[in-house]
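Observations on the three-dimensional arrangement
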Amino acid sequence: MTLAFALAAGVLAGSGAYLALKRDLLRVVAGIVLIANAANLTLMASGGTRGESPILPVEGEISDPLVQAMTLTALVIGFAVIALLLSLVYRVYTGYDTLDLDELSKEEARHAREIDQQARDDDDVAEAEGR
Amino acid sequence: MRTWAPPATVLAMAGAGFVALLWLWLTGGGEVDVPWAPTLDLRLHLRLDGLAAMYALMATGVAVPVFVFAWRYLPHHLAQQGRSVREQPRFYALLGMFMVSMVGLALAQDLILLFLFWDLTAVASYLLIAYDRQDGGARRAALMALLVTAITAVALLIGTLLLYDRYATFSLPELFRVAESSTTVTVAGALIALAALAKSAQVPFHFWLGRAMVAPTPVSAYLHSAAMVAAGVLLIGRVYPLLELSPVLLDALVVAGFASMLVGGVLALSRDDLKQVLAYSTFSQYGYVVFLYGLGGESGVGAAAFYVVTHAVAKCALFLTAGAVTRATGAQRLSELGGLARAMPVVAAGSLACAATVASLPLTVGFFADELLFKAALERGWVFAAMALLIAVLTLAYMARFWTGLFLGAPRTEAGPVPGAMVAPVGVLGAICLVAGLVPAPFAAIAQDAATPSLLAAVPVEARYYLDLRAENLLALATFALGALVHAGHRAVPAAAEAVARLGERLGPERAYTAGLAALNGLSDRVHDLEVRDFRGRVTAIFLPSGVLFALAFVLTPTVGAYAVGSFSLGDLPLVLMLGFAACVAVAATRPRGHLTMVLTLGTVGFALAVVYALLGAPNVALVAVLVETIVALLFIGVLSLIPREVLRSQMRATRERRGTRFRDPAVGLVAGATVFVLVWGGLSRTGGEGDAARRLTELAPEAHADNVVTAILADLRALDTLGEITVVAVALLGVTKLLRRGRLW
C-alpha cells in the first residue's frame, strides 16, 4: 500500500508542478490545488494504524486519529490559501485586463523602465537646479 | 499638536539625560547587566565608566544647544522649502533616537549590543541626512553615508564573531581579561578598526562626510561634534586594549590618522562652502584622535580623550555659527561673506573662541589639546612631532581663513536679524571654551577618566600652562608662526590646496564608490529584467536543479530496507483503485481543455481523494474534503463567470501555441513528480512503528467530553493549532473581501 500511496502522491504533485508553470494564471492556481491535494494525501497515508473510524465506542483497531486531525487543519488552510489566490487572480485581471503571465511580465518591465526614467529625469532637474 | 511640544520634549530629554548621567558619573558610575538571550550568550550589559561618561555626556550635553538652535531654525528651514510645519515632530523624534542610540553605544559593554547601537546610529543619521527628502542630492548623500557605514559595520560584526569563536564571549571586560596577542585578535582588531575608521570618516572613507553636509544645520552640528563621527573614535577607545595587543594595528592607525589629518586640512583650506570647510575640518580633527590612539601609550590615549571633548564643544558651536550666518545673510560661501563682526557681535565672539580652540591658541581649552598632542608625539620621536607640527599649522591656517573670512574685512552682504535662540548657543559654547582655557581641570578630569577603560589603568592627564622653553611650547610657538605665515600667503595657498582637492576628486575613493554603486545598480537591473521577463523560467531554474540534486541524493544514499512496498490485502483493492483513479484524473487535468473542464476535473480529483479518506476510516476528513472541494469548484466557477469569455479563450490559445517550452514543462513536471514520489515513499516506509498513540488518544477522548476522537484532538488537545488555523482563515477572508471589493471592506 505504501507504494500505491507514494505513486499517487507523486503523480498528483507532478501534474500540479506542470500546471503551475503555465502562462495562464488560472492554471497556476489549479496546479497549486493539485500540489495541496498531494500533501494532504501524504499526511493521511502517514497514519500509524489503519482500521475503523475513530468514533466511540470502538472495538478493535482504529485508524490513526492524529493524522486525521492534522489533515483537517491542512485542508482548511489550503482552502483559505486557494480562495485568496483566486481573488488575487481576479484582482490582477481587473488591474491589467489579462491573465497571461507573459503579458504581465511585459507590463511590469515597462513600468520599471518608466520608474527609472522618472528617477533619471528628477536627477537631471535637481542637477540643473544645483548649477 | 502644539509646535513647541516636540522640541521641548527632546530638549527636556537631553537636559535630564545630561544631568542624570553627570550625577551618576560623579557618584562613581553605574552598571546594568541582565542576561538578554542566555542561550546565545547575549547580555544587556551597560556600564557608565569614564569613556562611556565622556561620550554620553557629549551626546546629551551637545544636544542641548543643538536642540535649542533647531527650535528656531527648523520652522524657517521648512518654510523655505514650502513644507508643512507638521513635519517637525519627525525631525525631533529622529534626533532623539540618534541621541539615545549614541548614549547606548557609549554605555554598551557587550560587542553584539554595541553593534546594535552602532547600526541604530547609522539608521538615524540616514533618515536625518535625507530629511529634505524631496532633494535628490540629500537622498544620495544619505544613501552614501548609510552604505559606507553599514557595509563596514559588517566588518565589526565579523570581527566580533571571530573573537567569539576563539574566546566564547561577547563581553568586552571578559575579552580584555582572556585575549592574548595572536593572529585572530589582530584580524578581529583590524576589522573592528576598519568599521571605526569608516564611521569616523577617515581616509579613504572620508567622502561621505562632505556629502552629508546637505543635511539641515542642526543635524550637521550634532553629527559632527557628538554623534556618528564620534562613534568611530569611541569604538577605538572602547576596544583599545584589544588593538594594543597588535603593534601593527597601532601603526596602521597612525598612518590612517595622519592621512586623514592631511587630506582633511588641505580640503578644508580649499573649500568655499562654510559647512564643507567645517566638515573637512571635522574629519581632520578626528584624524588627530586616531593618530593619537595610534601613537598609544599613556600620553597618547589621554590626549585622544582630551581632544575629543574639546573638539565636540568647539565644532558644535562652529556649525551653529555657520547656520546662524546663513540664516542672517542667506549666503553660505566664504567668497560671498565678510565683515559680519559688527552685525553679529555675539556670534563673532563666540565663534572666535571656538575657532581659537580648534586652532589651539592659548587661553582656550584647545591649547592644552595641542600640548598633549606634541607631548605624545615627542615621546615617539621627532618624525611624529614633525607630523604633528605640520597638521597643527594646517589647522591654524584653515581656522583663521574661516573666521577672518566671515567676520573681518569689508561687509559684502546685508545681515538680517537672527533669533536669540540661534545666537545664544554659540555664545555659551564659546564661553565654555574660554573658561576651560583658564580652568581646564574639569576637562582634564573627564579625559583622564575616559582614558582609564582604554588603558585598563588610571593615568594622569595634565592640562596646565608651563611658562618655559620646553619642546611642547617651542612646537606651539612654531605652529603660531608658521600658521600666521600660511595665512598671510593665503592667496597662493588655497589655490594650491584646490588643485590637490581636484586631483583627489578625479582619482579619489569617491569615484570608486560611485562606479561600484553604478555597477551594482546595473547588475540588479539586469537580474530584474531577466526575472520579470520570464518568471516561469526562473521557477524552472530552481525546480530542475533541485530535483536533480534530490535525485542524486537518493541514488547515493543506501537504499537497502529504506523502501517498503507495504502490506496489501484484497480488502485494499478499492483503495488502490480509487488512488489510481485520482492519479489518472490529475493527469487529465493537465490537458489543454477549456477552463470549466479543468475545474470539473480538479473537483473530480478532490472527490476521489475524499473517497480514499473515507476508505481509510476517516469520515471527518472525507466530509470536510467534500465540502472544501465543492466550495473551491464554486469559487473557480465564480471567478470564471467574472472574466469575459474572450480573455479565457485567448488564454486557451496561448496555452496551445506555446512552442519554446514544449519539452521543458513536462520535464519539470516529471522531475517534480518523481522527486515527490521517492520522498513520500521513503518517508512512508519509515512510519508504521508500533506505538499506542492511537489507543491513548482514544482513551483521552471521553475526558474531553467527545465521542469523536478527532474532534477531541482538534478542539481540545491541539486547540491552539486550531486557533491558528481559524486565524489563517479569518485573515484570508479579510484579504479576499478587500481584494474583491477593491479595498473596501463593506
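About the thresholds
Residues numbered from 1 in each chain as written. Chains lettered and ligands numbered in written order. Predicted model: local features only at pLDDT ≥ 70, side-chain atom pairs only at ≥ 80, totals over all residues. Helix = DSSP H or I, 4+ residues; strand = E, 2+ residues; numbered from the N terminus. Buried ≥ 20, exposed ≤ 12 C-beta atoms within 10 Å, placed from the backbone. Contact = placed C-beta atoms within 7 Å. Axes fitted to C-alpha atoms, helices over the stretch in contact; angles between N-to-C directions. Parallel < 35°, antiparallel > 145°, perpendicular 65-115°, else oblique. Left-handed = near helix turned anticlockwise from the far one by under 90°. Nonpolar A, V, L, I, M, F, W, Y, C, P; charged D, E, K, R; others polar. Pairing = 2+ DSSP bridges. Core = buried A, V, L, I, M, F, W, Y, C linked by C-beta atoms within 7 Å. Expected span 1.5 Å × (residues − 1). pLDDT = per-residue confidence, 0-100.

The helix and strand tally for chain B stands at 31 helices and 2 strands. Counting the 746 residues in chain B, one finds 49% classified as buried. For chain B, the proportion of contacts with a sequence separation of at least 24, taken over those separated by at least 6, is 77%.

Along the backbone of chain A there are 4 helices and 0 strands. Written out in order from the N terminus, the α and β elements of chain A read α-α-α-α. Classification of the 131 residues of chain A by burial places 50% in the buried group. If you take every contact in chain A between residues at least 6 apart in sequence, the share linking residues at least 24 apart comes to 43%.

To continue, consider the packing of helix α2 (residues 50-80) of chain B against helix α18 (residues 420-438) of chain B. Residues and elements named next belong to chain B. Relative to each other, α2 and α18 sit at 160°, their axes nearing to 7 Å. One way to sum up the angle between α2 and α18 is to call them roughly antiparallel. Handedness of the α2/α18 crossing: left-handed. Of the residues in α18, those in contact with Pro 65, Val 68, Phe 69, Trp 71, Arg 72 and Tyr 73 of α2 are Ala 421, Met 422, Pro 425, Val 428 and Leu 429. Looking at the contact of α2 with α18 residue by residue, the classes come out as 10 nonpolar, no polar and 1 charged.

Here we come to helix α9 (residues 217-225) of chain B. Among the 9 residues that make up α9 of chain B, 9 are buried, leaving the element largely enclosed by the rest of the structure. Looking at α9 of chain B, one finds that the buried residues are Thr 217, Pro 218, Val 219, Ser 220, Ala 221, Tyr 222, Leu 223, His 224 and Ser 225 of chain B.

Moving on, we come to the interface of chain A and chain B. Tallying the contact residues gives 82 residues for chain A and 97 residues for chain B. Looking at the side of chain A that touches chain B, the elements that each hand over two or more residues are α1 (2-20), α2 (25-45), α3 (65-96) and α4 (101-130) of chain A. Looking at which element gives the most residues to the side of chain A that touches chain B, the answer is α3 of chain A, with 23 residues. Tallied by class, the residues present in the side of chain A that touches chain B amount to 51 nonpolar, 19 polar and 12 charged.

A separate point is the pairing of strand β2 (residues 42-47) of chain B. Residue and element names in this part refer to chain B. Sheet topology note: the strand β1 (residues 31-37)/β2 ladder contains 6 bridges and is antiparallel. In the sheet register, Val 32 faces β2, and the bridge partner there is Leu 46. A loop of 4 residues connects β1 with β2, the two strands running antiparallel in sequence, and Asp 41 in this loop sits at a positive phi of about 65°.

So, about the nonpolar core. Note on soluble globular proteins: their nonpolar side chains tend to be buried together. Ranked by size, the top nonpolar core spans 212 residues in total, and within it Ala 59, Ile 129, Ala 230 and Phe 306 of chain B carry the most contacts. Looking at this core, the element that brings in the most residues is helix α14 (residues 297-329) of chain B, giving 20 residues. Discounting chain neighbours no more than four positions away, the residues touching Ala 59 of chain B are Met 99, Met 102, Val 103, Ala 106, Ala 226 and Ala 227 of chain B. Ala 9, Ala 30 and Ile 62 of chain A together with Leu 635 of chain B belong to the second-largest nonpolar core, a separate cluster that totals 88 residues.

Our next topic: the environment of Leu 19 of chain A. Considering the arrangement of structural elements, one finds Leu 19 of chain A in helix α1. Between the alpha carbons of Leu 19 of chain A and Val 33 of chain A there is a distance of 9.9 Å; along the sequence they are 14 residues apart. For Leu 19 of chain A, the contacting residues outside a window of four places in its chain are Arg 27, Val 28, Ala 30, Gly 31 and Leu 34 of chain A together with Thr 590 of chain B.

Structural remark: α-helix, 3.6 residues per turn; residues separated by three or four positions point the same way. Between its terminal C-alpha atoms helix α31 (residues 719-740) of chain B stretches 31 Å, which fits the 32 Å expected from 22 residues at 1.5 Å a residue. A positive backbone phi angle near 50° is found at Arg 742 of chain B, which sits one or two residues after α31 of chain B.

With that settled, the discussion passes to the environment of Val 585 of chain B. All names here are of chain B. Its place among the elements puts Val 585 in helix α24 (residues 573-589). Using a count of 22 C-beta atoms within 10 Å as the deciding quantity, one classes Val 585 as buried. Taking the C-alpha atoms as reference, Val 585 lies 7.1 Å from Thr 604; in sequence the two are 19 residues apart. Other than its neighbours up to four places away in sequence, Val 585 contacts Thr 601, Thr 604, Val 605 and Ala 608.

This part covers unusual backbone geometry. Leu 56 of chain A connects to Pro 57 of chain A through a cis peptide bond whose omega is -5°. For Pro 57 of chain A, the location among the structural elements is in the loop between α2 and α3. Positive phi, normally seen in glycine, also occurs at Asp 97 of chain A, with a value near 60°. Position of Asp 97 of chain A among the secondary structure elements: in the loop between α3 and α4. For His 705 of chain B, which is not glycine, the phi dihedral falls at a positive 55°.

Residue and element names in this part refer to chain B. Look at helix α16 (residues 366-380) against helix α20 (residues 471-488): their axes get within 9 Å of each other, and the N-to-C directions meet at 120°. By the angle between their axes, α16 is oblique relative to α20. The handedness of the crossing between α16 and α20 comes out as right-handed. Contact residues: α16 offers Asp 370, Glu 371, Phe 374, Lys 375 and Leu 378, while α20 offers Ala 471, Glu 472, Leu 475 and Ala 476. Classifying every residue of the contact of α16 with α20 by side-chain character gives 5 nonpolar, no polar and 4 charged.

Below, the discussion takes up the confidence of the model for chain B. When pLDDT is low, close inspection of the predicted coordinates is not appropriate. Overall, the prediction assigns chain B a mean pLDDT of 84, with 94% of residues at 70 or greater. Scoring the predicted complex yields pTM 0.69 and, for the interface, ipTM 0.91.

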